[in-house]
Amino acid sequence: MKTISENRSFGGVQGVYAHDSQACNCEMTFAVYMPPQANDGPVPVLWYLSGLTCTHENAMTKAGLQSHAAEAGVAIVFPDTSPRGEGVANDDAFDLGQGAGFYVNSSEAPWKEHFQMETYLASELRDLVTENFSVSVHHGITGHSMGGHGALTLAMKYPGHYQSLSAFSPIANPTRSDWGRKQFTAYLGADESNWAAHDASVLLREKGWSGDVLIDQGGDDQFLELLKPAALVTSLTETRTAHDYRLHAGYDHSYYFVSTFARDHVMWHADRLKG
C-alpha cells in the first residue's frame, strides 16, 4: 500500500492510498477518513460505495461526510467503483466498464480478468483496511445509486460482515431495469438466473437482512424509472424488514441531495455500530 495524499480534516486525517489488487489484477485506489478518536483506539468503520462514473474522490469531496464522521467517531472508507488503467477493459458508454463495476464478480470476457469488485470489497480491501488502519470489527455500509445497490446486496450476501445498512437512491431492482440488465448481461452472461443474487429486491426475499435499513430517495430524482424504488419498498414490507424509507419532495439524484442527508446516515450507523 502506498500513500498518495493525507490531509488534516476536522481533527482527523483524510487519506488517499493505492495498492496492487490481486482480485482485480491491477492497481486500485481508495480513500479513508480517520476521525480524531482513532488516536485513542480502534473506531467503527462505515463503507461508502459510489455510483456510476464516480471514483473514490466524488463522495470524498462532495458529500461532506468528514465533519459528521469526526463528530460521531467513525472512520469512512471510499473505494473506487471499478478497476481502472491501461489494459483494463472499457466501453464507450458511461454505464459500462471503467467507473461502472456494479460491485459484482464478472464471469464473462473481456471483463472477468479485472472486474472482480465483489471479492475486492468483501475480502481484499476489507482485510487491507483492517490491517492498516485503527478500525474495529464493527462495520456498516452505505452507498449512492449504483453504490446503494452494492451496499444492499453485499450486506445481504455477507451476513456478519456489516452490522448497519443504509442507502441513498439505490438501484433497487436492477434485473428489471436498464441500469442492471445491460451490465449483468455483459458481466454475468445472458442466463438471467445468475442475476438474482445481485438484485436487492429479489435478494431480500431469499437472504433477508437481520437489522433495520435507512433509505433516502429524492422525489424529483430524474432516474426514478431506472432506480425502481417501489420494488424495494414492496420487498421490505412483505419480508417485514424494519426500515425507514424517506421520500424527499424536490430533491434530485445529485450530491446536493446526498450531502443534505449525509449526517442522518452517519449518525444512523454510529448508533448501531456503537450500541
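Cut-offs applied
Residues numbered from 1 in each chain as written. Predicted model: local features only at pLDDT ≥ 70, side-chain atom pairs only at ≥ 80, totals over all residues. Heavy atoms only, no water. Helix = DSSP H or I, 4+ residues; strand = E, 2+ residues; numbered from the N terminus. Rg over C-alpha atoms; globule rule 2.2 N^0.38 Å. Buried < 20%, exposed > 50% of the residue type's maximum accessible area, 1.4 Å probe, protein only. Areas by Shrake-Rupley, 256 points an atom, 1.4 Å probe, with all protein chains shown as cover. Expected span 1.5 Å × (residues − 1). Bend = angle between axes of the 7 residues up to and from the residue. Polar contact = N/O pair within 3.5 Å; in protein donor to acceptor, adjacent residues only side chain to side chain. Pairing = 2+ DSSP bridges. Axes fitted to C-alpha atoms, helices over the stretch in contact; angles between N-to-C directions. Contact = heavy atoms within 4.5 Å. Phe/Tyr/Trp six-rings, centres within 6.5 Å; stacked < 30°, edge-to-face > 60°. Parallel < 35°, antiparallel > 145°, perpendicular 65-115°, else oblique. Left-handed = near helix turned anticlockwise from the far one by under 90°. Nonpolar A, V, L, I, M, F, W, Y, C, P; charged D, E, K, R; others polar.

**Examining the overall build of the protein**
Okay, step 1: Scanning the protein from terminus to terminus reveals nine helices and nine strands.
Okay, step 2: On C-alpha atoms alone, the protein measures out to a radius of gyration of 17 Å, which is about the 19 Å that the 2.2 N^0.38 rule sets for 275 residues.
Okay, step 3: Overall size of the protein, expressed as C-alpha extent along the three principal axes, is 50 × 45 × 35 Å.
Okay, step 4: Looking at the protein residue by residue over its 275 residues, the buried ones come to 58%.
Okay, step 5: For the protein, the accessible surface area stands at approximately 10900 Å², while carbon and sulfur atoms represent 47% of it.

**Concerning helix α9 (residues 255–274)**
For an α-helix the count is 3.6 residues per turn, leaving residues at separations of three or four pointing the same way.
Okay, step 1: With 20 residues, α9 extends 27 Å between its outermost C-alpha atoms, agreeing within 8% with the 28 Å of an ideal straight helix rising 1.5 Å per residue.
Okay, step 2: If you look at α9, its biggest bend is around 45°, right at Phe261.
Okay, step 3: Within α9, burial applies to Tyr255, Phe257, Val258, Phe261, Ala262, His265, Val266, Met267, Trp268, His269, Ala270 and Leu273.
Okay, step 4: Backbone nitrogen of Tyr256 and a side-chain oxygen of the N-cap are separated by 3.2 Å at the start of α9; the cap is Ser254.

**Re the sheet that holds strand β7 (residues 164–168)**
Okay, step 1: Reading across from one edge, β1-β2-β3-β5-β4-β6-β7-β8-β9 is the order of the nine strands in this open sheet, with mixed pairing throughout. Each having just a single partner strand, β1 (2–9) and β9 (243–248) make up the two edges of the open sheet. Sheet twist, expressed as the average angle between the axes of neighbouring strands with direction ignored, equals 20°.
Okay, step 2: One ladder, built from four bridges, connects strand β3 (residues 26–34) with strand β5 (residues 75–79); its direction is antiparallel. Bridge pairing in β5 links Tyr33 to Ile76.
Okay, step 3: Packing against the sheet, helix α2 (residues 65–72) makes contact with β1, β2 (12–21), β3, β4 (43–49) and β5, and its axis sits at approximately 145° to β5.
Okay, step 4: Relative to the sheet, helix α3 (residues 117–132) contacts β2, β3, β4, β5 and β6 (135–143), its axis offset from that of β2 by approximately 125°.

**Things to note about the pairing of β5**
Okay, step 1: The buried fraction of β5 is high, at five of five residues.
Okay, step 2: Here three bridges tie β4 to β5, and the two strands are oriented parallel to one another. Bridge assignment links Val45 to a residue of β5, and that residue is Ala75.

**As for the packing of aromatic side chains**
Any two aromatic rings considered together are summarised by their centre-to-centre distance and by the angle between their planes.
Okay, step 1: Under the counting rule described, the total for this entry stands at 14 aromatic pairs.
Okay, step 2: Their ring planes at 65° and their centres at 5.2 Å tell us that Tyr17 and Phe133 sit as a pair that is edge-to-face. Note that Tyr17 is positioned in strand β2 and Phe133 in the loop between α3 and β6, a separation of 116 residues in sequence.
Okay, step 3: With a centroid separation of 6.0 Å and an interplanar angle of 80°, the aromatic rings of Phe102 and Phe184 are classed as edge-to-face. Pair noted here: Phe102 is in the loop between β5 and α3 and Phe184 is in helix α5 (residues 178–188), with a separation of 82 residues, a long-range link.

**Here we look at the packing of α2 against α9**
Okay, step 1: It is at 9 Å that the axes of α2 and α9 come closest, and there the two elements cross at 30°. By the angle class used here, α2 and α9 are roughly parallel. Considering only the axes of α2 and α9, their crossing is right-handed. Where α2 approaches α9, its residues Leu65, His68, Ala69, Glu71 and Ala72 are matched on the opposing element by Ala262, Arg263, Val266, Met267, Ala270 and Lys274.
Okay, step 2: Classifying every residue of the contact of α2 with α9 gives seven nonpolar, one polar and three charged.

**Details of the pairing of β2**
Okay, step 1: The buried fraction of β2 is high, at eight of 10 residues.
Okay, step 2: Where β1 lies against β2, seven bridges are found, and the strand directions are antiparallel. Across the sheet, the residue bridging to Arg8 is Val13, located in β2.
Okay, step 3: In sequence, β1 turns back onto β2 through a hairpin of two residues, with Phe10 there showing a positive phi of about 50°.
Okay, step 4: Examined bridge by bridge, β2 and β3 share nine bridges and lie antiparallel to one another. Across the sheet, the residue bridging to His19 is Met28, located in β3.

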